Amino acid sequence: MNQTNQKIDHIFRHEYGKIVSILVHKFGAQSLERIEDVVQDAFLKAMQVWGYKEVPNNPTAWLLRVSSNGLIDVFRREKKIQEHDEIHNLLSSLSVGEKEVSLNSVVNDSQLKMIFACCNPSLSTESQIILSLKLIGGFSNKEISRALLKKEEAVAKSFTRAKKKFKEKIKTLDIPVEMGLSSRISIVLKVIYLLFTEGYTPSTGEVVVKRDICYEAIRLALLLLENKSTNVSEGHALIALMCFHTSRFDARIDDQNELIDLEHQDRNLYDKKLIQIGMRHLYEAKERSSKNPSYYLQAAVSYYYCEAPSFLKIDWKSILKLYDLQLKYANSPIVRLNRIVPLYKVYGLEVGLETLLSMNKEGELKNNALFYSLKAQILSELNKTEEARKDLIIAINLTKNEMQKKHLKKKASL
């Protein structure tokens, strides 16, 4: 990917949801599909124009202007607006110079406003999440299918249904009153968590981490703290989790732009300031009551990985206890798979392998790359090299991220 396309991808991840939100706020949810089309067209035009010219100083303003012009043209063709003055007034109301368009709300951010609208309780939980990831994060069906462990076709159908209900139920992007904010906060936090997860372990592409998405997720979570109704324990715990993960960014990639296992990471490269910020939010989360400590437990696990002076001194027993607690709140395949490493570190390789294999008795994990890579890791440590290589090949074929695929291929060749 050349520098221009990288910059456009960066802008897309940061601004797609913002532009969609502004236009939906201005023109209403009934125009959602038209808005999606014109915003996507604006990004395609940007790739064509900016490939030959310099990226403008304010690319967001450029994209919003092109998108709004496109939308006005659509309305004019459909004869929804006809008068020249009316068109001029609409364009003027979307004027963007160096400052972002202001959408006054209880939560003072256009993307958060859109998330809260998408998380309207009149929509199903699945619809809320898919709409948010699509419209705010610009996620592809493939990225959402990975996040929700669903098939791409099912995600596409769910999005179509969700958009229809959104247009029927959501008339404006008005932020709900305090009780409404509180009732939607758990879904909003889940959306932010999924945004971060896709950034930290991208399902596709040629990078091992999409920092833009991760920083955007942290920014959105921090904005929630500005309102008393959304300043909750789970929010602080999620921020702590994201800070601890983010602190390890620079240690995950070597000079050849290849992935580095946790065992071989240079811990001097960990961002100590981010770890300290994470600790403050973790402490704040502990001081507040919480109905769902899932983010807190995940953050605590990540903290143990960060604070250990070396891989050999990681407190695996404490990490295993935290995973056991997580299973009481979220008995998901991902939690059980992530528990395997601390399990075999504490109780031995044979116990780890037996537990891992028992998880796949019904073949539920036959398409899960993590399952096969974990199995290969254990078999390799048991000196069963050929068996390990077979599972690595399966993991490679199931992995869509090119850097992760390259990392697994390197292991398979050893």
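The following refers to the structure shown. If you're wondering where the values come from, they're calculated on a predicted model, not measured in any experiment.

## A look at the state of the cysteines
One covalent bond between the sulfur atoms of two cysteine residues makes up a disulfide.
(1) Moving on: This model, assessed by the stated rule, comprises 0 disulfides.
(2) Moving on: Free cysteine: Cys-118, not disulfide-bonded; nearest cysteine sulfur from Cys-119 at 6.6 Å.
(3) Moving on: In this model Cys-306 remains outside any disulfide bridge; the closest cysteine sulfur is found in Cys-243, 10.0 Å from its own.
(4) Moving on: When its relative accessible area of 7% is taken as the criterion, Cys-306 is described as buried.

## Regarding the pattern of salt bridges
(1) Moving on: Evaluation of the coordinates by the stated rule reveals 11 salt bridges.
(2) Moving on: When the shortest N-O distance is used, the salt bridge between Glu-33 and Lys-163 registers 3.8 Å. Taken together, the positions of Glu-33 in helix α2 (residues 32-50) and Lys-163 in helix α8 (residues 152-169) put the pair 130 residues apart, joining distant regions of the chain.
(3) Moving on: With a closest N to O distance of 2.6 Å, Glu-216 and Arg-219 form a salt bridge. Residue Glu-216 and its partner Arg-219 are located together in helix α10 (residues 211-224), separated by 3 residues, close to a single helical turn.
(4) Moving on: On the basis of relative accessibility, which here comes to 29%, the residue Arg-219 falls in the partly exposed class.
(5) Moving on: Each member of the salt-bridge network shares a partner with another, and the members are Glu-33, Glu-36 and Lys-163.

## So, the side chain of His-407
(1) Moving on: The topology assignment puts His-407 in helix α19 (residues 402-412).
(2) Moving on: Polar side-chain contacts of His-407 include one of 2.9 Å to the side chain of Asp-261.

## Re α8
(1) Moving on: For α8, built from 18 residues, the straight-helix expectation of 26 Å at 1.5 Å per residue is met to within 8% by its first-to-last C-alpha distance of 25 Å.
(2) Moving on: For α8, every residue scored as buried is listed here: Val-155, Ser-158, Phe-159, Ala-162, Lys-163, Phe-166 and Lys-167. Considered in projection along α8, the buried side chains sweep an arc of 165 degrees and stay on one side of the axis. In α8, the exposed positions angled more than 90 degrees off the buried face are occupied by Glu-153, Lys-157, Thr-160 and Lys-164.

## A few points about the packing of aromatic side chains
(1) Moving on: The full count for this structure, using the stated rule, is 9 aromatic pairs.
(2) Moving on: Ring centres of Phe-196 and Tyr-200 lie 5.9 Å apart, and the angle between their planes is 15 degrees; on these two criteria the pair is classed as stacked. Of this pair, Phe-196 and Tyr-200 both sit in helix α9 (residues 178-200), 4 residues apart, which is roughly one turn of that helix.
(3) Moving on: The class of Phe-196 is buried, set by a relative accessible area of 2%.
(4) Moving on: Where Tyr-200 meets Phe-249, the ring centres are 5.9 Å apart and the plane angle is 25 degrees; that geometry is what we call stacked. Of this pair, Tyr-200 sits in helix α9 while Phe-249 is found in the loop between α11 (233-246) and α12 (272-287), placing the two residues 49 residues apart along the sequence.

## A word on the nonpolar core
(1) Moving on: Membership of the largest hydrophobic core comes to 86 residues, with the highest contact counts inside it found for Val-39, Phe-166, Ile-192 and Met-242.
(2) Moving on: A total of 11 residues in this core trace back to one element, the largest contributor, which is α9.
(3) Moving on: The next biggest cluster of nonpolar side chains, apart from the first, holds 35 residues, and it includes Leu-349, Leu-353, Met-359 and Phe-371.

## Observations regarding the environment of Ser-127
(1) Moving on: You can see Ser-127 is positioned in helix α6 (residues 125-135).
(2) Moving on: Look at Ser-127 and you get buried, because its relative accessible area is 9%.
(3) Moving on: For Ser-127 and Phe-166, which are 39 residues apart along the polypeptide, the C-alpha to C-alpha distance reads 8.9 Å.
(4) Moving on: Reaching out from Ser-127, the side chain makes a polar contact with the side chain of Ser-124 at a distance of 2.9 Å.

## Brief notes about the packing of α2 against α8
(1) Moving on: Put simply, α2 and α8 touch, their axes get as near as 10 Å, and they point 120 degrees apart. Looking at the two axes, α2 sits oblique to α8. In this structure, α2 uses Leu-32, Glu-33 and Glu-36 to contact α8, whose residues at the interface are Phe-159, Lys-163, Phe-166 and Lys-167.
(2) Moving on: Taken together, the residues of the contact of α2 with α8 sort by class into 3 nonpolar, no polar and 4 charged.

## So, the packing of α12 against helix α13 (residues 294-307)
(1) Moving on: It is the contact of α12 with α13, at a shortest axis distance of 11 Å, that shows an interaxial angle of 145 degrees. The two elements α12 and α13 meet at a crossing, and its hand is left-handed. Contacts between α12 and α13 involve Ile-275, Met-279, Leu-282, Ala-285 and Lys-286 from the former and Tyr-296, Ala-299, Ala-300, Tyr-303 and Cys-306 from the latter.
(2) Moving on: Grouping the amino acids of the contact of α12 with α13 by side-chain chemistry returns 9 nonpolar, no polar and 1 charged.

## Observations regarding unusual backbone geometry
(1) Moving on: Positive phi outside glycine occurs at Asn-383, with the angle close to 65 degrees.
(2) Moving on: Structurally, the position occupied by Asn-383 is in the loop between α17 (369-381) and α18 (385-398).
(3) Moving on: Asn-383 sits in the exposed class, given a relative accessible area of 67%.

The rules we used
- Residues numbered from 1 in each chain as written.
- Predicted model: local features only at pLDDT ≥ 70, side-chain atom pairs only at ≥ 80, totals over all residues.
- Heavy atoms only, no water.
- Disulfide = S-S within 2.5 Å.
- Buried < 20%, exposed > 50% of the residue type's maximum accessible area, 1.4 Å probe, protein only.
- Salt bridge = Lys/Arg side-chain N within 4 Å of Asp/Glu carboxyl O.
- Helix = DSSP H or I, 4+ residues; strand = E, 2+ residues; numbered from the N terminus.
- Polar contact = N/O pair within 3.5 Å; in protein donor to acceptor, adjacent residues only side chain to side chain.
- Expected span 1.5 Å × (residues − 1).
- Arc of directions from axis to C-beta.
- Phe/Tyr/Trp six-rings, centres within 6.5 Å; stacked < 30°, edge-to-face > 60°.
- Core = buried A, V, L, I, M, F, W, Y, C linked by side-chain atoms within 4.5 Å.
- Axes fitted to C-alpha atoms, helices over the stretch in contact; angles between N-to-C directions.
- Parallel < 35°, antiparallel > 145°, perpendicular 65-115°, else oblique.
- Contact = heavy atoms within 4.5 Å.
- Nonpolar A, V, L, I, M, F, W, Y, C, P; charged D, E, K, R; others polar.
- Left-handed = near helix turned anticlockwise from the far one by under 90°.

Geometric values such as these leave the question of function open.
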